[in-house]
Amino acid sequence: EDQVTQSPEALRLQEGESSSLNCSYTVSGLRGLFWYRQDPGKGPEFLFTLYSAGEEKEKERLKATLTKKESFLHITAPKPEDSATYLCAVQAMNYGGSQGNLIFGKGTKLSVKP
Amino acid sequence: ETGVTQTPRHLVMGMTNKKSLKCEQHLGHNAMYWYKQSAKKPLELMFVYSLEERVENNSVPSRFSPECPNSSHLFLHLHTLQPEDSALYLCASSQDGGRAGETQYFGPGTRLLVL
């Protein structure tokens, strides 16, 4: 069964304290791994798509990496405005249904204190 | 308006009411999705439409009825809901609905409370 697990569930950081969020996945075949940011009361905002092991993408203080079993979202010198829930999702080879479907993890709630 | 919009943003309804959620995308996409987001649970895919045809229904109860009149609009008709249906309902769209690595763009959601 295709599955996505994110850890930790919650993470508290001081401003400037770098850290990483983890997304572990088991899928029959990976077509893409997605990171989203979600602020309270809002819809998820797209951050990155990764397609194959070894791939990396960066945006401001965020860097996403991918291996064959997991992805990391590295946050360098975070600021309070980086506080949000970060969601990971995978798009799997699903021969039984729509191949566009995303399987989401429960998310990591990040709080950055000044 | 840009991106994906949803109305209403908040909705309170009794178990015997009938209401509808509306989603509109301004991105020129061909696929639209309904998701349910409950506390402490991952986003759950409910329905997928590609070129206005339903391509997937993830075993959703019949009290939820989707409608996609064209590629820009998506509705979710609600009737005789249960309190456990209270959640954030998210609409999303993507270019085609089946290509590898295709990004889904989400609306702000409708916060639904069933009393």
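Residues numbered from 1 in each chain as written. Chains lettered and ligands numbered in written order. Predicted model: local features only at pLDDT ≥ 70, side-chain atom pairs only at ≥ 80, totals over all residues. Heavy atoms only, no water.

A.B. asks: How do you make sense of the pattern of salt bridges when you look at a structure like this?
C.D. replies: Two side chains carrying opposite charge are able to pair once their charged atoms lie near each other. All names here are of chain A. What the rule picks out here adds up to 5 salt bridges over all chains. When the shortest N-O distance is used, the salt bridge between E56 and K63 registers 3.3 Å. Residue classification places E56 among the partly exposed residues on the basis of a relative accessible area of 48%. Of the residues examined, K63 reaches a relative accessible area of 27% and is grouped as partly exposed. (Salt bridge = Lys/Arg side-chain N within 4 Å of Asp/Glu carboxyl O. Buried < 20%, exposed > 50% of the residue type's maximum accessible area, 1.4 Å probe, protein only.)

A.B. asks: Help me understand the interface of chain B and chain A in this model?
C.D. replies: In many reports, interface size means the accessible area that the parts give up when they come together. In this complex, chain B contributes 26 residues to the contact, which on the side of chain A involves 22 residues. Overall, the association of chain B and chain A removes approximately 1700 Å² of surface from exposure, summing both partners, and the carbon and sulfur fraction of that is 50%. Taken together, the links from chain B to chain A amount to 4 residue pairs in polar contact (both at pLDDT 80 or more). Broken down by secondary-structure element, the contributors of at least two residues to the side of chain B that touches chain A are β4 (31-37), β5 (44-50), β6 (53-57), β9 (87-94) and β10 (105-106) of chain B. The element contributing the most residues to the side of chain B that touches chain A is β4 of chain B, with 3 residues. (Contact = heavy atoms within 4.5 Å. Buried area = accessible area lost by both parts, 1.4 Å probe. Polar contact = N/O pair within 3.5 Å; in protein donor to acceptor, adjacent residues only side chain to side chain. Helix = DSSP H or I, 4+ residues; strand = E, 2+ residues; numbered from the N terminus.)

A.B. asks: Even after reading the chapter, I still don't get the state of the cysteines, so can you show me in this structure?
C.D. replies: Residue and element names in this part refer to chain B. Within this structure, the stated rule accounts for 2 disulfides over all chains. Each sulfur of the disulfide joining C23 and C91 lies 1.9 Å from the other. Note on the C23 and C91 pair: the S-S dihedral is about -75 degrees, so by sign convention the disulfide is left-handed. On the criterion of sequence distance, the pair formed by C23 in strand β3 (residues 18-25) and C91 in strand β9 is long-range, its members being 68 residues apart. (Disulfide = S-S within 2.5 Å.)

A.B. asks: Any chance you could explain the sheet that holds strand β3 (residues 19-26) of chain A here in plain terms?
C.D. replies: The strands making up a sheet associate through hydrogen bonds between their backbones, and the pairing can be parallel or antiparallel. All names here are of chain A. With respect to topology, 5 strands assemble into an open sheet ordered β1-β3-β8-β7-β6, the strand pairing being antiparallel. Strand pairing shows two members of the sheet lacking a second neighbour, β1 (3-7) and β6 (56-59), which therefore form its edges. Sheet twist, expressed as the mean angle between neighbouring strand axes with direction ignored, is 15 degrees. (Pairing = 2+ DSSP bridges. Axes fitted to C-alpha atoms, helices over the stretch in contact; angles between N-to-C directions.)

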